[in-house]
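Geometric and topological summary
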Amino acid sequence: MPGFSLSQPLRSLAAGLALACVALPGAHAAIFEDGEARRAILEVRQRVDAMQQAQQRTADELRRANEDTAQLRRGLLELQTQIETLRSENARLQGQNEQLTREVSELQRRQKDIAQGVDERLRQFEPIKVTVDGLEFQADAAEKKDFEAALAIFRAGKFPEANQAFGNLIRQYPRSGYVPSARFWLGNGQYAARDYKEAINNFKALLAEAPTHARAPEAALSIANCQVELKDAKAARKTLEDLARAYPQSEAAMAAKERLARMK
């Protein structure tokens with residue numbers, strides 16, 4: 001076979017045969033004519049063929065083993081590449097997950113802030129329980145704010161501005177629980193501004209709308225004061241008498257009785 005070389009055992013066997021032929025030149029023809037010699041040669045050839053076949057099989061097996069090893073190495077390299085790819089993908093997905101977690105947290109925080117803001121704004125419009133002049137009622141935050149602002153203006157002695165503020169409140173919230181108190185302070189502001197007729201109108205409106213209001217006795221006394229300023233003594237006397245009968249236990253009734261005593 002081209003490129004084929006004998007192994008060491010085959011080379012030894014061939015050399016032995018060659019020496020035998022050289023050492024017995026005289027018996028050369030007799031040896032090869034002998035049947036046993038032919039059989040020996042055939043056996044040697046068979047052994048050589050068998051050894052060559054075995055060597056070829058070994059070479060084939062080695063080649064296949066090398067190919068399997070190479071294929072295994074390629075498979076390992078591909079597996080390692082896949083592992084690195086999966087690691088990179090996992091790192092990327094983990095980064096995305098962390099980013100999404102941060103975004104969700106930020107979104108939840110914003111939603112919470114928005115919800116709190118909405119709640120605060122809604123609370124501004126929700127009725128709240130207030131107590132004014134002994135009267136407890138529900139009022140909007142805007143009503144409360146407007147009444148307290150008007151009262152602060154009144155206490156500052158700015159009567160025209162206070163009268164306007166109380167008048168606006170009564171017109172804007174005609175059914176508010178603040179209306180009786182607003183009428184009382186409006187009447188006092190008008191009295192201070194010497195607008196006695198309008199003051200009487202507001203005090204009378206208070207008595208008509210809320211005769212049991214805590215400010216009602218004072219409103220009746222204030223009507224009498226306005227009538228005195230208007231030089232209407234007869235009307236003032238009647239007002240004081242009505243006051244004493246309607247609210248006999250009030251401080252205003254005691255003051256009315258004292259005035260009635262002086263008027264006799």
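These numbers come from a predicted model, not from an experiment. (Residues numbered from 1 in each chain as written. Predicted model: local features only at pLDDT ≥ 70, side-chain atom pairs only at ≥ 80, totals over all residues. Heavy atoms only, no water.)

**Here we look at helix α6 (residues 179–192)**
The terminal C-alpha atoms of α6 lie 20 Å apart, and with 14 residues this matches the ideal 20 Å at 1.5 Å per residue to within 8%. Burial within α6 is extensive, with 11 of its 14 residues counted as buried. Listing the buried residues of α6 in full gives Val179, Pro180, Ser181, Ala182, Arg183, Phe184, Trp185, Leu186, Gly187, Gly189 and Gln190. Close packing links the buried residues of α6 with β1 (128–132), α4 (141–155), α5 (159–172), α7 (196–209) and α8 (216–229). Positive phi appears at Arg194, one or two residues downstream of α6, with a value of about 65 degrees. (Helix = DSSP H or I, 4+ residues; strand = E, 2+ residues; numbered from the N terminus. Expected span 1.5 Å × (residues − 1). Buried < 20%, exposed > 50% of the residue type's maximum accessible area, 1.4 Å probe, protein only. Contact = heavy atoms within 4.5 Å.)

**Re the pattern of salt bridges**
Tallied over the full model, the rule gives 12 salt bridges. Residue Asp60 is joined to Arg63 by a salt bridge in which the shortest nitrogen-to-oxygen separation is 2.8 Å. Of this pair, Asp60 and Arg63 both sit in helix α3 (residues 35–125), three residues apart, which is roughly one turn of that helix. When its relative accessible area of 42% is taken as the criterion, Arg63 is described as partly exposed. Among the salt bridges present, the one from Arg215 reaches Glu218, with a minimum N-O distance of 3.3 Å. Residues participating in the shared-partner salt-bridge network are Glu106, Arg109, Arg110 and Asp113. (Salt bridge = Lys/Arg side-chain N within 4 Å of Asp/Glu carboxyl O.)

**Structural notes on a nonpolar patch on the surface**
Side chains of Leu72, Leu76, Leu79 and Ile83 sit close together on the surface and give an oily, nonpolar patch of about 360 Å² of accessible area. Relative to the elements of secondary structure, Ile83 occurs in helix α3. Looking at Ile83, the relative accessible area reads 30%, which means it is partly exposed. (Patch = residues over 30% accessible without salt bridge, like charges linked within 9 Å, V, L, I, M, F, W, Y side chains within 5 Å. Areas by Shrake-Rupley, 256 points an atom, 1.4 Å probe, with all protein chains shown as cover.)

**A closer look at helix α10 (residues 251–263)**
Counted at 1.5 Å a residue, the expected span for α10 with its 13 residues is 18 Å, and the 19 Å between its end C-alpha atoms agrees. For α10, the set of buried residues is Ala252, Ala253, Ala256 and Leu260. Mapping the buried residues of α10 onto a view down its axis gives an arc of 95 degrees, with all of them on the same face. Turned more than 90 degrees from where α10 packs its buried face, Glu251, Met254, Ala261 and Arg262 sit exposed. Looking at the buried positions of α10, the neighbouring elements they touch are α8 and α9 (233–246). (Arc of directions from axis to C-beta.)

**A closer look at the nonpolar core**
Membership of the largest hydrophobic core comes to 37 residues, with the highest contact counts inside it found for Phe147, Phe166, Tyr178, Trp185, Phe203 and Leu243. The dominant element in this core, judged by the number of residues it contributes, is α8, at seven residues. (Core = buried A, V, L, I, M, F, W, Y, C linked by side-chain atoms within 4.5 Å.)

**What about the environment of Tyr173?**
By the element assignment, Tyr173 lies in the loop between α5 and α6. Distance from Tyr173 to Ala142, taken between C-alpha atoms, is 10.0 Å for residues 31 residues apart in sequence. Ignoring sequence-local partners within four residues, the contact set of Tyr173 consists of Ala142, Glu143, Asp146 and Val179.

**Topic: the packing of aromatic side chains**
Overall, the coordinates contain eight aromatic pairs when judged by the stated rule. When the centroid spacing of 5.1 Å and the interplanar angle of 80 degrees are considered together, the rings of Phe184 and Trp185 count as edge-to-face. For Phe184, a relative accessible area of 4% translates into the label buried. An aromatic cluster is present here, built from Phe154, Phe159, Phe184, Trp185 and Phe203 joined pairwise through their rings. (Phe/Tyr/Trp six-rings, centres within 6.5 Å; stacked < 30°, edge-to-face > 60°.)

**Topic: the side chain of Thr239**
Mapped onto the secondary structure, Thr239 falls in helix α9. Looking at Thr239, the relative accessible area reads 13%, which means it is buried. Separated by 2.9 Å, the side chain of Thr239 and the backbone oxygen of Ala235 make a polar contact. Excluding anything up to four places from it in sequence, Thr239 contacts Ala220, Ile223, Ala224 and Gln227. (Polar contact = N/O pair within 3.5 Å; in protein donor to acceptor, adjacent residues only side chain to side chain.)

**Some points on the pairing of β1**
Alignment of β1 against strand β2 (residues 135–139), held across five bridges, turns out to be antiparallel. Bridging from a neighbouring strand, Lys129 pairs with Gln138 of β2. Linkage of β1 to β2, two consecutive antiparallel strands, is achieved through a turn of two residues, within which Asp133 is found at a positive phi near 55 degrees. (Pairing = 2+ DSSP bridges.)

**Some thoughts on unusual backbone geometry**
Its identity is not glycine, yet Asp133 carries a phi of approximately 55 degrees, on the positive side. Mapping Asp133 onto the fold places it in the loop between β1 and β2. A relative accessible area of 21% places Asp133 in the partly exposed class. Residue Arg194 is not a glycine yet carries a positive backbone phi of 65 degrees.

That's the geometry; what it means functionally is another story.
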